[in-house]
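# An overview of the molecular structure
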Amino acid sequence: RIGVLTAAACIAVAAITIIPDLGRPERIYNLFLHPNWTSPLIWDVLIILSYFLFSVVDLWLLTKAHLSPGYARALRVLAYIGLPMAVMLHSITAWIFGLQISRPWWNTSLMAPLFVTSAILSGTALVTLVALAARRFDRLEVPTQTWRALCGLMAAALAVDLFLVGSDYVTILWG
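So, here's what we can say about the structure. These numbers were taken from a predicted model, which means no experiment stands behind them.

Conventions and cut-offs
- Residues numbered from 1 in each chain as written.
- Predicted model: local features only at pLDDT ≥ 70, side-chain atom pairs only at ≥ 80, totals over all residues.
- Heavy atoms only, no water.
- Helix = DSSP H or I, 4+ residues; strand = E, 2+ residues; numbered from the N terminus.
- Expected span 1.5 Å × (residues − 1).
- Buried < 20%, exposed > 50% of the residue type's maximum accessible area, 1.4 Å probe, protein only.
- Contact = heavy atoms within 4.5 Å.
- Axes fitted to C-alpha atoms, helices over the stretch in contact; angles between N-to-C directions.
- Parallel < 35°, antiparallel > 145°, perpendicular 65-115°, else oblique.
- Left-handed = near helix turned anticlockwise from the far one by under 90°.
- Nonpolar A, V, L, I, M, F, W, Y, C, P; charged D, E, K, R; others polar.

## Considerations on helix α5 (residues 111-138)
Between its terminal C-alpha atoms α5 stretches 38 Å, which fits the 40 Å expected from 28 residues at 1.5 Å a residue. Among the residues making up α5, those that are buried are M111, A112, L114, V116, T117, L121, T124, V127, T128, A131 and A134. Close packing links the buried residues of α5 with α1 (2-18), α4 (69-98) and α6 (144-174).

This is the structure:
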């Protein structure tokens with residue numbers, strides 16, 4: 001529940017940060033009335049809205065899962081939908097950064113896997129911090145096995161993240 005709640009909060013902030021990119025925020029409705037499918041901005045808007053709605057539905061089901069086994073089954077289906085959506089969200093964001101021609105360090109094919117790995121790392125760290133705060137102030141009990149799993153996931157994501165950043169620096173600086 002903490003992970004889905006933090007994901008929904010972060011994606012809501014991501015949606016707000018798109019508004020300055022529009023140039024004329026009062027015309028946001030034009031994104032939906034006349035979408036330019038060749039623009040990465042519309043891809044970003046659509047995946048952010050889709051993932052936010054997904055997170056809200058997922059959070060609602062998580063609060064109801066104790067009521068019926070049908071909810072648990074729906075949560076399992078949502079888990080198989082949510083992971084590809086999260087990968088698409090971070091990949092599209094990476095492509096937007098990578099397509100900026102004035103940023104030579106961003107123009108690399110490693111941007112999408114780097115963003116996905118960084119999202120796993122930072123998301124797990126955020127969930128860990130929120131769980132620690134909830135444990136401190138709300139007396140939330142988190143099993144030791146869960147703490148170990150979170151730490152292991154962060155360590156693995158950090159190793160992959162450092163490898164991707166190192167690979168990027170070696171190829172850029174070598175030339």
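After presenting the structure, the write-up continues.
## Details of the packing of helix α3 (residues 40-64) against α4
Following both chains from N to C, one finds α3 and α4 inclined at 155 degrees, their axes separated by 9 Å at the closest point. Judged on the interaxial angle alone, α4 and α3 are roughly antiparallel. Crossing handedness for the pair α3 and α4: left-handed. Here the residues of the contact of α3 with α4 sort into 21 nonpolar, three polar and three charged.

## Brief notes about the side chain of D161
Mapped onto the secondary structure, D161 falls in helix α6. In this structure, D161 is in contact with L114, T117, S118 and L121, ignoring residues within four places of it in sequence.

## With respect to the packing of α1 against α5
When two helices pack together, you describe them by how their axes are tilted relative to each other and by the distance separating the axes. Relative orientation of the contacting elements α1 and α5 amounts to 115 degrees, with a least axis distance of 9 Å. Here the hand of the crossing between α1 and α5 comes out right-handed. Facing I2, G3, T6 and C10 of α1, the residues of α5 in contact are L126, V127, V130 and A131. Across the contact of α1 with α5, the residue classes tally to six nonpolar, two polar and no charged.

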